[in-house]
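Here is what each chain is made of, one letter per residue.
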Amino acid sequence: MGVAFTFATQIPLQQPTISHDPILSPEFLSFVDELRNNVSIPGISLGVVRLNDDKQPVTQLAAWGRKTEDADEDDLTTDASSLLCPSTREHTHMGLAFVATSLGILMDDYAQGRNATPLPPGLARFDWDTKIHAILPDDWKLDDEWSTRKASVRDVLGHVSGLPRHDYSYHPGDTPKDLIRRMQDLRTAYELREKWSYNNQMYIMGAHIIEQYAGTPFADFISERLFKSLGMSTTTVVPSEALASGKVTHTWTKDGRRIPFWFTDDTAYLGAGAGGVISSAEDMVKWLAVLLNEGVELRTGETVIPRGVYDAVTTARHVALGRSSREYGPGILGYGMGWMQWTYNGASIVSHTGGIPGFSTMTAFSKGHNIGVVILINADEKADHAMKILKRAIDDVLQLPSASDISEPAEPELIEGLPTEADEGAQAIKPPSLDLEDYAGTYFDPGYGAIVLCSPKSTSHHCATVLNDFASLSPLDDATPHLYAAYRTLWSSHIRLRHHSGDRFNITASEIFPQGYGKNTSAFETCPRWRS
């Protein structure tokens, strides 16, 4: 397969001038194409940026593979839009940095007297140390007994509020107020500031704090203060705007099944704070160029990101991983607000990833080594491959000995709290204490809402529909007891409970497509990598 690429000294808001010295080597471009073919990735779009001696960005853009299902040949281009999304993995998420930066810009507005909305009575200032209970609107207030209400803005954006991820607790049709008030009914896992634990809802909260105090919709604030200021002309948080442009890529699962673009305008409004930014490699290198220049727009000299905000969000304050790992190498993995910090091959890296059904993304920069890289993949659960491309790009541009290997096997992911196969084999499985039909019925949790569990013998009209959805995938499993339910969240349409032992059932959430999607009309499902 071929590769489409361009290289240019790009000046935001002006036409680029051509550079005759590409940043990336032909060997690197061949490496990405080989990797894409070896692991069956539909399409990859990539951008690399460095600052020249005049502090102007020199960029190279490249694209490999498919943008659409209908194309007869490779049609992905570097202006194709992808969703810079919250992650189904345990680490960082691309859109969060935009939210943390936007919140910092709003704080700077208050500090400089540019605010459009007064602070609540009794609150003298709004900064990273402001307590959540003090800044939330009166009708969003949380119970005094809820420990996380004592957290500061820095705590919740730094993922040390003590509340773990509860991504299946919010649903289409919820308002931000619904989501935030329900958080006090969700189980905490740690004491405040005890341990780093990622939580999407905290960034959703951050986005809607911006909306309340900026006096304008979040989409308008981030567009005006970041996207337009940086010349990111095709970047948006509104799916209908992106889809109308015709530049949004089709999306696929890790197994090659095409799926729809995941967010609608309504669900994106709820989830935009957790990373619903839609952008392209062409636009993202402009974001990276300004980050390499510590928040100053290179053409005009305008400070888009105040230096105090830049330092606050990119400085690691919490330990996300206190040991070495294959993914992040030796040393600890630090977290600021929306950004990870780690070291690769002697280079200090600031990065964040993203992944939802249909997309895997990576953005990274190293100010000390003057390099920024964005990688956009139009299939899910390809984060390992995005990391491999990032590392090889750093090696290539900085002319370092390569520490990545195209044939390197991925480590299996262990999900905390779930038994491994070894665990299951090490102890005898106890049968359920009740007949399976006796577990069926309606259950309610104040944090998660109502759910109707169906057994294979349930006969209600609702359960018949649910069972038919699962049966479209394969015959229902009679060997191991299962319960089934329709459960609509931002990330799922159904859940299944598989008996583990005694009265314990393991839960898997998925999105089922009984009639398939796109050209392939056979039924299938896609399962985000987190489970409860």
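Computed from a predicted structure; not experimentally measured.

(A) Just the overall build of the chain, in detail. Looking only at helices and strands, the chain features 15 helices and 20 strands. Counting every position in the chain, which comprises 532 residues, the buried fraction comes to 58%. Within the chain, contacts between residues separated by at least 24 positions form 65% of all contacts whose residues are at least 6 apart in sequence. Within the structure as shown, the chain displays about 21,900 Å² of accessible surface, and the carbon and sulfur contribution to it stands at 49%.

(B) A look at the environment of Glu191. Following the sequence through the fold, Glu191 ends up in the loop between helix 5 (176–182) and helix 6 (200–214). Given a relative accessible area of 57%, Glu191 falls into the exposed group. Note: C-alpha distance between Glu191 and Gly162 (29 residues apart in sequence) is 5.2 Å.

(C) Up close: a negative patch on the surface. Together, Asp220, Glu241, Asp265 and Asp266 give the surface a local cluster of negative charge. Tracing the backbone through its elements, the reader meets Glu241 in helix 8 (residues 239–244).

(D) A look at the sheet that holds strand 18 (residues 494–501). In spatial order, the strands read 17-18-19-20; together these 4 strands make up an open sheet with antiparallel pairing. The open sheet has two free edges, formed respectively by strand 17 (482–486) and strand 20 (524–526), since each of these has just one partner strand. Each strand of the sheet is rotated relative to its neighbour by a mean of 35 degrees, with strand direction disregarded. Summarising the sheet, strand 17 and strand 18 pair through 5 bridges and their orientation is antiparallel. Its bridge partner lying in strand 18, His482 is registered against Arg498. Contacts between helix 15 (residues 461–471) and the sheet are confined to strand 17, strand 18 and strand 19 (504–513), with strand 17 contributing the most and set at about 105 degrees to the helix.

(E) Representation of the state of the cysteines within the structure. Going through the model one piece at a time under the given rule, you end up with 1 disulfide. There is a disulfide in this structure between Cys454 and Cys463, and the S-S distance comes to 2.1 Å. Handedness here is read from the sign of the S-S torsion; for Cys454 and Cys463, about -80 degrees, the answer is left-handed. The pair Cys454 / Cys463 is uniform in exposure class, with both members buried.

(F) Representation of the pairing of strand 13 (residues 359–366) within the structure. By the criterion of burial, strand 13 is predominantly enclosed, with 8 of the 8 residues buried. Neither face of strand 13 is open: one carries Phe359, Thr361, Thr363 and Phe365, the other Ser360, Met362, Ala364 and Ser366, and all of them are buried. Looking at chain direction, strand 12 (residues 347–356) and strand 13 are connected through 7 bridges and run antiparallel. Across the sheet, the residue bridging to Ser351 is Ala364, located in strand 13. Between strand 12 and strand 13, which pair antiparallel one after the other, the connecting turn spans 2 residues, and Gly358 there sits at a positive phi close to 105 degrees. Turn length for the strand 13-strand 14 (residues 371–377) hairpin, with the two strands adjacent in sequence and antiparallel, is 4 residues, and the turn residue Asn370 shows positive phi of about 55 degrees.

(G) Focus on unusual backbone geometry. Even without being a glycine, Arg193 presents a positive backbone phi close to 65 degrees. Turning to its location among the elements, Arg193 is positioned in the loop between helix 5 and helix 6. Arg193 sits in the partly exposed class, given a relative accessible area of 46%. At Glu294, a residue that is not glycine, the phi angle is positive and equals roughly 60 degrees. Following the sequence through the fold, Glu294 ends up in the loop between helix 10 (281–292) and helix 11 (307–314). You can call Glu294 partly exposed: its relative accessible area is 23%.

How each quantity is defined
- Residues numbered from 1 in each chain as written.
- Predicted model: local features only at pLDDT ≥ 70, side-chain atom pairs only at ≥ 80, totals over all residues.
- Heavy atoms only, no water.
- Helix = DSSP H or I, 4+ residues; strand = E, 2+ residues; numbered from the N terminus.
- Buried < 20%, exposed > 50% of the residue type's maximum accessible area, 1.4 Å probe, protein only.
- Contact = heavy atoms within 4.5 Å.
- Areas by Shrake-Rupley, 256 points an atom, 1.4 Å probe, with all protein chains shown as cover.
- Patch = residues over 30% accessible without salt bridge, like charges linked within 9 Å, V, L, I, M, F, W, Y side chains within 5 Å.
- Salt bridge = Lys/Arg side-chain N within 4 Å of Asp/Glu carboxyl O.
- Lys, Arg positive; Asp, Glu negative; His and termini not counted.
- Charge placed at Lys NZ, Arg CZ, Asp CG, Glu CD.
- Pairing = 2+ DSSP bridges.
- Axes fitted to C-alpha atoms, helices over the stretch in contact; angles between N-to-C directions.
- Disulfide = S-S within 2.5 Å.

Don't take any of this as a statement about function, it's just geometry.
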